[in-house]
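Understanding the architecture of this molecule
The residues making up each chain are set out below.
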Amino acid sequence: MAVPSLGENRESQSGFGGNGASEPQKGSAGMSVARFLRYGNWRRFMGVLPFVLYLGVFLLIPAITVVVDAFKGDSGNFTLSNFSVGFSGVYFESFKNSIQLSLFSALIATFVGLLVALAIVASPGRTLRAVVTAGSGVFANTGGVPLAFSFVATLGNFGLVAELLTKIGYNPYNHGFSLYSVLGLTIVYEYFLIPLMVLIMIPPIDALRKEWVDAASSLGASRIQFWRYIGGPLLAPPLLAGFLVLFTDAFAAYATAAALTSGTIPIVPIQIGSLISGNVLVGHAHLGNALGAGMIGVVIIAAIMYGLVQRRASRWLR
Amino acid sequence: MASIIGAPAKSSGVEGGSNVLRIGKIFRVVVLGVVGLYFIVPVISSARFSFTGSSKGISLSAYSKLFSDPQFWTTLFLSVKIGIGTVILSLVVIIPTTVWVHWKAPKIRRVMEALSLLPLVIPSVVITLGVITSFGSLPNIIMGTPVILALEYVVLALPYTYRTLDSAVQALDIKTLVEAGQSLGASLRKILWWVLLPNLRSGVLGVVVLAFAFCLGEFAVASLLSFTTFAVYLVQIGQTQASEAIAFSLIALVFTWIPLSIVTVVFSRRAGKRYRRGGGVLVASQSITELTELAE
């Protein structure tokens with residue numbers, strides 16, 4: 001189960017949430033269905049039924065419909081042709097672009113976010129730390145349309161930074177740069193990905209226990225040896241998990257790209273969007289569904305990897 | 001104590017927040033400086049662009065044009081209405097659920113939390129596509145009006161709103177409170193209204209801010225279902241009038257930053273009292289943070 005671990009481990013990572021200590025533990029694992037029914041325990045779950053139903057109607061039904069319809073031809077017959085169109089030509093390119101965009105922007109953000117988190121944890125002042133953490137919480141939330149336009153003001157043809165660069169004799173637009181490209185989007189996405197990574201990485205770095213560092217140093221380890229054998233292996237799982245979160249985030253992002261490029265950049269969410277808005281390919285009314293199913297597939301792979309990595313990570317960081 | 005990482009430790013600094021890692025000051029200043037610049041420059045650029053446009057000299061014309069545009073106010077009003085609907089519906093769905101889970105079924109707490117994170121797994125574009133195909137035949141009063149947006153926003157904002165209330169309820173001793181109320185002869189409804197809700201104030205405030213900020217910023221679902229909300233109108237303006245759109249963005253950014261910072265600070269102060277290691281700030285901002293994944 002990949003999805004449950006998303007929540008479970010983020011919390012255990014940050015080291016609080018009660019660690020389940022207050023929960024009654026009687027017969028949790030070995031409870032059989034028969035006992036479950038006999039003791040009337042099912043009544044206990046009635047209270048969450050409205051919530052589950054709501055989620056079922058407004059989230060699961062739409063999602064399942066997308067996947068099911070992806071296998072339907074225009075006359076409702078079963079077919080795989082949506083997928084064969086969806087994974088070829090311009091749509092294949094879109095998947096390639098999307099994955100490339102998400103990989104690169106997540107990689108950069110992982111690296112920069114790690115550096116910032118290290119710098120923050122190493123800083124003596126509590127104020128700086130509080131400001132950066134709060135700021136990260138807010139900036140990580142600055143996705144979408146406003147972000148796109150503030151980057152138009154910065155790196156667009158007449159943006160402040162583009163203008164300054166032109167003044168010192170380097171007009172980026174004469175050197176193949178465009179804000180409205182995959183490269184441009186990568187730069188913009190960092191604005192919400194880096195803060196996310198900072199928030200993800202501060203707790204595991206905090207959790208590197210002083211005892212371990214002291215032990216390593218009293219045994220005569222060098223700084224490189226510490227990172228090679230202790231710090232690195234400990235931080236690798238949360239780092240990888242964080243990377244996967246960022247990847248998913250960037251992969252699903254629609255608003256920023258749509259606003260920035262007026263829906264012209266060939267990435268998967270944009271393609272689905274333009275299929276929804278009526279640019280339907282004749283004979284493939286359910287092509288969008290196939291692309292959607294493809295997206296869900298990619299995200300599920302990332303989520304499964306996240307679950308596996310997190311299980312490893314949570315072993316140490318308690 | 002000699003630390004192996006970075007410069008030798010000053011004996012006084014050992015107990016501080018930086019217990020393990022000694023990292024050179026130059027490294028820290030450079031990293032935080034460069035990254036800080038990346039975050040500040042777009043704000044400065046937007047401010048400059050919105051005050052000058054592409055011409056010389058300072059003017060407020062972008063702002064005055066924007067504020068005198070009736071559509072600006074209609075779309076803002078529409079988004080506010082959707083936001084209020086979403087907030088109320090979210091509270092109605094989430095409060096009884098979280099209270100119930102902590103009171104009667106703490107075992108499934110983690111399962112519920114995982115369910116609330118599901119919307120992060122399915123991209124909102126895909127959900128929209130599913131909504132169109134599966135609810136397309138619903139009566140016009142739902143699909144043809146922004147009601148459908150509020151209904152979906154409750155789900156899409158769930159990863160942030162649910163966690164916020166869940167941790168607020170977690171902080172209460174629900175069982176004791178309910179039993180105390182019952183032994184005094186109060187009905188469950190009375191207990192919920194007069195005992196639990198007042199204790200959940202900050203959690204409710206968190207949900208209000210998070211859900212509302214989400215609704216104001218959401219673009220994907222609204223535009224694909226062809227509703228001209230605040231964010232959708234912003235994009236429409238942006239196609240012809242850059243400086244107005246940038247002024248608009250700046251306003252939108254500032255107006256999401258202010259309430260979010262307030263919530264972050266409120267939560268970190270609350271959490272700081274209860275938890276060690278400063279983890280509280282993190283969880284509050286984490287749930288805020290995850291908004292991004294949806295605001296997208």
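Residues numbered from 1 in each chain as written. Chains lettered and ligands numbered in written order. Predicted model: local features only at pLDDT ≥ 70, side-chain atom pairs only at ≥ 80, totals over all residues. Heavy atoms only, no water.

Overview of the overall build of chain B
When helices and strands are tallied, chain B shows 16 helices and 0 strands. Scored against the burial criterion, the 296 residues of chain B give a buried share of 54%. Of the contacts formed within chain B by residues at least 6 apart in sequence, a portion of 73% connects residues at least 24 apart. With the model as given, the accessible surface of chain B reaches about 12,600 Å², and the carbon-plus-sulfur share is 68%. (Helix = DSSP H or I, 4+ residues; strand = E, 2+ residues; numbered from the N terminus. Buried < 20%, exposed > 50% of the residue type's maximum accessible area, 1.4 Å probe, protein only. Contact = heavy atoms within 4.5 Å. Areas by Shrake-Rupley, 256 points an atom, 1.4 Å probe, with all protein chains shown as cover.)

As for the nonpolar core
One finds Val145, Tyr189 and Ile272 of chain A together with Tyr153 and Phe219 of chain B to be the most contacted residues of the largest nonpolar core, which totals 169 residues. Counting only domains with at least three residues in this core, you end up with domain 1 (1-59) and domain 2 (63-295) of chain B. Among all residues touching Ile272 of chain A, those that are not within four sequence positions of it are Gly288, Leu291, Gly292 and Met295 of chain A together with Val125, Val126 and Leu129 of chain B. (Core = buried A, V, L, I, M, F, W, Y, C linked by side-chain atoms within 4.5 Å. Domains from an automatic or database assignment.)

A word on the packing of aromatic side chains
Considering all chains together, one arrives at 30 aromatic pairs over all chains under this definition. A ring pair is formed by Phe87 of chain A and Phe95 of chain A, whose centres lie 5.1 Å apart and whose planes are at 50°; its orientation type is tilted. A relative accessible area of 38% places Phe87 of chain A in the partly exposed class. An aromatic cluster is defined as three or more aromatic residues linked by ring pairs; in this entry it consists of Phe139, Phe151 and Tyr191 of chain A together with Tyr38, Phe39 and Trp257 of chain B. Here Lys104 of chain B stacks its cationic end above the ring of Trp103 of chain B, 4.6 Å away from the centre of that ring. (Phe/Tyr/Trp six-rings, centres within 6.5 Å; stacked < 30°, edge-to-face > 60°. Lys NZ or Arg CZ within 6 Å of the ring centre and 35° of its normal.)

Quick notes on the confidence of the model for chain B
A low pLDDT score tells you not to read the predicted coordinates there in detail. Residues and elements named next belong to chain B. When the pLDDT values of chain B are averaged, the result is 79; 81% of them are 70 or greater. Overall, residues 1-20 carries pLDDT values under 50, and its contacts beyond four positions in sequence, including any with other chains, amount to 45 contacts. pLDDT under 50 marks residues 272-296. Its contacts with residues more than four places away, or in other chains, come to 81 contacts. (pLDDT = per-residue confidence, 0-100.)

Remarks on helix α1 (residues 25-52) of chain B
Residues and elements named next belong to chain B. Here α1 spans 39 Å end to end across 28 residues, near enough to the 40 Å set by a 1.5 Å rise per residue. Ile40 marks the point of greatest bend in α1, at about 30°, and the proline Pro42 comes within the next four residues. When α1 is considered as a whole, its buried residues turn out to be Arg28, Val31, Val35, Phe39, Pro42, Ser45, Ser46, Phe49, Ser50 and Thr52. (Expected span 1.5 Å × (residues − 1). Bend = angle between axes of the 7 residues up to and from the residue.)

A few points about the packing of helix α3 (residues 70-104) of chain B against helix α7 (residues 147-156) of chain B
Residues and elements named next belong to chain B. Relative orientation of the contacting elements α3 and α7 amounts to 50°, with a least axis distance of 9 Å. As the angle between them shows, α3 and α7 are arranged oblique. Crossing of α3 over α7 shows right-handed handedness. In this structure, α3 uses Ile82, Thr86, Leu89 and Ser90 to contact α7, whose residues at the interface are Leu149, Ala150, Leu151, Tyr153 and Val154. Classifying every residue of the contact of α3 with α7 by side-chain character gives 7 nonpolar, 2 polar and no charged. (Axes fitted to C-alpha atoms, helices over the stretch in contact; angles between N-to-C directions. Parallel < 35°, antiparallel > 145°, perpendicular 65-115°, else oblique. Left-handed = near helix turned anticlockwise from the far one by under 90°. Nonpolar A, V, L, I, M, F, W, Y, C, P; charged D, E, K, R; others polar.)

A look at a positive patch on the surface
Taken together, Arg44 of chain A together with Lys104, Lys107 and Lys175 of chain B make up a surface patch of like positive charges. Its place among the elements puts Arg44 of chain A in the loop between α2 (33-38) and α3 (49-69). (Patch = residues over 30% accessible without salt bridge, like charges linked within 9 Å, V, L, I, M, F, W, Y side chains within 5 Å. Salt bridge = Lys/Arg side-chain N within 4 Å of Asp/Glu carboxyl O. Lys, Arg positive; Asp, Glu negative; His and termini not counted. Charge placed at Lys NZ, Arg CZ, Asp CG, Glu CD.)

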